[in-house]
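One-letter residues, chain by chain:
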Amino acid sequence: VPYLSQSIVTNNLLMHYGEMEEWANGASSAPDGLTLSGAGAAVAREGTTIAQGLYSAALTPGAGAVGQLARTIPTELIKRIEGGSVTLEGWLANNTAADGVVRVAVTDSAGTVTNTDRTSTYAGNRFEDLRDISSSGISIPSNVGSVAVQLRGIAGASAVYFDDIMLLGGNIADYDLPAPII
């Protein structure tokens, strides 16, 4: 009797929509899955200054405040990384070095926040691989309360570009599922 084996594979991608390709609310609203904040900040879908794919996100902060696109990782995914570490990958470009920052903000259950920043070192709107800035893992405490990825432009900076931002953590797991006999 033939037997069909099926499995479900879960991956280690914790931040979805970081590729900046989905803009359901329009080209001048935050890309899908991200929230724009910061006084005077603006975001635009960018089709010229890109690392990969069709678009990047061009974030222009206000004159007196940090501009930010952010995503908080869902609780059910955080449970997979408690006591472990995560890795940040993606691309960042800005006209002036250090204008752009990708931050992972980890808050423990007591409310203490630990920020890990990846700050641009290139200028001239050339994309820089975040792994070249630092490939070290980011520790997640066993009493984690929340994890957020923040794409930031310093106050008064010109546009900062983000593309294919990914937060990876946990193990890849492959679970066998019962299968019907054919």
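The structure under discussion appears in the preceding block.
Only a predicted model underlies this, so the values are computations on that prediction, with no experimental measurement involved.

> Where do I start with the sheet that holds strand 8 (residues 113-119) in this structure?
Sheet architecture is open: five strands sit in the order 2-5-11-7-8, paired in antiparallel fashion. Lying at the two open borders of the sheet, with one neighbouring strand each, are strand 2 (35-37) and strand 8. With strand direction ignored, the average angle separating the axes of adjacent strands in the sheet is 25°. Alignment of strand 7 (residues 100-108) against strand 8, held across seven bridges, turns out to be antiparallel. Note that in strand 8 the partner of Ala105 across the bridge is Asn115.

> For this particular structure, what's the right way to read the side chain of Asp108?
Within the fold, Asp108 resides in strand 7. Reaching out from Asp108, the side chain makes a polar contact with the backbone nitrogen of Thr112 at a distance of 2.9 Å. Here Asp108 is in contact with Pro141, Asn143, Val144 and Gly145, once residues within four sequence places are set aside.

> Is there a simple way to think about the pattern of salt bridges in this case?
Oppositely charged side chains are able to pair whenever their charged atoms sit close together. The tally for this structure, following the rule as stated, stands at three salt bridges. In this structure, the salt-bridge partner of Arg131 is Asp129, at a minimum N-O distance of 3.0 Å. A relative accessible area of 10% means that Asp129 is categorised as buried.

> Got a minute to help me understand the nonpolar core in this structure?
Membership of the largest hydrophobic core comes to 31 residues, with the highest contact counts inside it found for Ile73, Val102, Val147, Leu151, Phe162, Ile165 and Leu167. Breaking this core down by element, the ones donating at least two residues are strand 4 (56-60), helix 1 (75-78), strand 6 (85-94), strand 7, strand 11 (144-153) and strand 12 (160-169). Setting aside anything within four residues of it in sequence, one finds Ile165 in contact with Met15, Gly18, Glu19, Met20, Leu88, Glu89, Gly90, Trp91, Val102, Leu130, Val149 and Leu151. With five residues, the next largest nonpolar core counts Ala58, Ala93, Phe127 and Tyr161 among its residues.

> Just to check I follow, could you spell out the pairing of strand 11 for this structure?
Remember that side chains alternate between the two faces of the sheet whenever the strand is regular. A large share of strand 11 lies buried, amounting to eight of its 10 residues. With six bridges connecting them, strand 5 (residues 67-72) and strand 11 associate as antiparallel partners. The partner of Gln68 across the bridge, within strand 11, is Arg152. With nine bridges joining them, strand 7 and strand 11 adopt antiparallel strand pairing. Across the sheet, Thr107 pairs through a bridge with Ser146, a residue of strand 11.

> In this structure, what is going on with the environment of Ser120? I would like to understand it.
Along the polypeptide, Ser120 turns up in the loop between strand 8 and strand 9 (128-129). Residues Ser120 and Thr96 lie 24 residues apart in sequence; the distance between their C-alpha atoms is 8.7 Å. The residues contacting Ser120, other than those within four sequence positions of it, are Leu92, Asn94, Thr96, Ala97, Ala98, Asp99, Gly100, Glu128 and Ile133. Of the polar contacts made by the side chain of Ser120, one reaches the side chain of Asn94; its length is 2.5 Å.

Criteria and cut-off values
Residues numbered from 1 in each chain as written. Predicted model: local features only at pLDDT ≥ 70, side-chain atom pairs only at ≥ 80, totals over all residues. Heavy atoms only, no water. Pairing = 2+ DSSP bridges. Helix = DSSP H or I, 4+ residues; strand = E, 2+ residues; numbered from the N terminus. Axes fitted to C-alpha atoms, helices over the stretch in contact; angles between N-to-C directions. Polar contact = N/O pair within 3.5 Å; in protein donor to acceptor, adjacent residues only side chain to side chain. Contact = heavy atoms within 4.5 Å. Salt bridge = Lys/Arg side-chain N within 4 Å of Asp/Glu carboxyl O. Buried < 20%, exposed > 50% of the residue type's maximum accessible area, 1.4 Å probe, protein only. Core = buried A, V, L, I, M, F, W, Y, C linked by side-chain atoms within 4.5 Å.

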